[in-house]
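Below are the chains, spelled out letter by letter.
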Amino acid sequence: MEVPENDLAAGLRELVARRCRPSGPRCTVEIEGPDVDAHLQALDVDVATQLYRIADEALTIALEHSHATTVCVRVRVQDDVLCLRVCDDGAIPEDTASVRALYVRLMQYRAQVIGATLTVDTPEEMCTVVQCRLERQKAHSRVPLQTAWTDLLQADHNGFHSP
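In this report, the structure presented in the accompanying data block is examined. Every chain's residues receive numbers from 1 upward, in the order its sequence appears when written. The model is predicted, so local features are restricted to residues of pLDDT at least 70 and side-chain atom pairs to those at 80 or more, both for listing and for counting; the totals for chains, interfaces and linings are taken over all residues. Side-chain calculation: all heavy atoms of the structure are included, whereas hydrogens and water are not.

## Regarding the packing of helix 3 (residues 45-65) against helix 4 (residues 97-114)
Then, in step 1: Direction vectors running N to C along helix 3 and helix 4 enclose 165°, while the axes themselves pass 9 Å from each other. In this view, helix 3 runs roughly antiparallel relative to helix 4, as classed from their interaxial angle. For helix 3 against helix 4, the interelement crossing comes out left-handed. Here Asp46, Val47, Gln50, Leu51, Arg53, Ile54, Glu57, Ala58, Thr60, Ile61 and His65 of helix 3 come into contact with helix 4, specifically with Val99, Arg100, Tyr103, Val104, Leu106, Met107, Arg110, Ala111 and Ile114.
Then, in step 2: Among the residues forming the contact of helix 3 with helix 4, the class breakdown is 12 nonpolar, 3 polar and 5 charged. Interaxial angle, 0 to 180 degrees, is taken between N-to-C directions of lines fitted to C-alpha atoms, where a helix line uses only the stretch in contact. Each helix corresponds to a stretch of at least 4 residues labelled H or I by DSSP, and each strand to a stretch of at least 2 residues labelled E; elements are numbered beginning at the N terminus. Each angle gets one of four labels, with under 35 degrees taken as roughly parallel, over 145 as roughly antiparallel, 65 to 115 as roughly perpendicular, and the rest as oblique. Left-handed is the label given to a crossing in which the near helix is rotated counterclockwise from the far helix by less than a right angle, and right-handed is the label when the rotation is clockwise. By the convention used here, residues are in contact when the closest approach between their heavy atoms is within 4.5 Å. Asp, Glu, Lys and Arg are counted as charged, while Ala, Val, Leu, Ile, Met, Phe, Trp, Tyr, Cys and Pro are counted as nonpolar; the rest, among them Gly, fall into the polar class.

In structure tokens, the structure reads:
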């Protein structure tokens, strides 16, 4: 799925509305910061697409694997940094840890492609926080994208390792 009309805020709102069912976890989207909507609309389309896909993959972990009851997707632009954060209150069962590792690896790859940093923390036993931070100057530059799966399969040979 692509970001509609290169508007990441609208894309994230639509993504959460589509993925979060009324009978499922309580899901929210927060878009914060000075001129954040204008900033998000000005993102390079490839950068916006990778951020959208990172959010989608983080939602997949929360909704399908962690049994979360609350999920928050937050985008904040402050100073020179755009921060995408997906938090949930679920726990990853041990039998799905390898699935989570695959999604984390995909998100790390996507962040690496656009020059962002990605962290996945579990500050409490029943909580996961995925955070992707991108400097504004990188957010507007054209990023040469290659097929993610091909690069991901080659990644271990290039010094990229899964968590």
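## Focus on helix 4
Then, in step 1: In this model helix 4 runs 26 Å from its N-terminal to its C-terminal C-alpha over 18 residues, within 8% of the 26 Å that 1.5 Å per residue would give.
Then, in step 2: Along helix 4, the residues that are buried comprise Val104, Arg105, Leu106, Met107, Tyr109, Arg110, Ala111, Val113 and Ile114.
Then, in step 3: Gly115 occupies a position one or two residues after helix 4 and carries a positive phi of about 80°. How far a helix is expected to stretch is found by multiplying one less than its residue total by 1.5 Å. Partly exposed residues are those whose accessible area sits between 20% and 50% of the maximum for their type, while under 20% is buried and over 50% is exposed, using a 1.4 Å probe and protein chains only.

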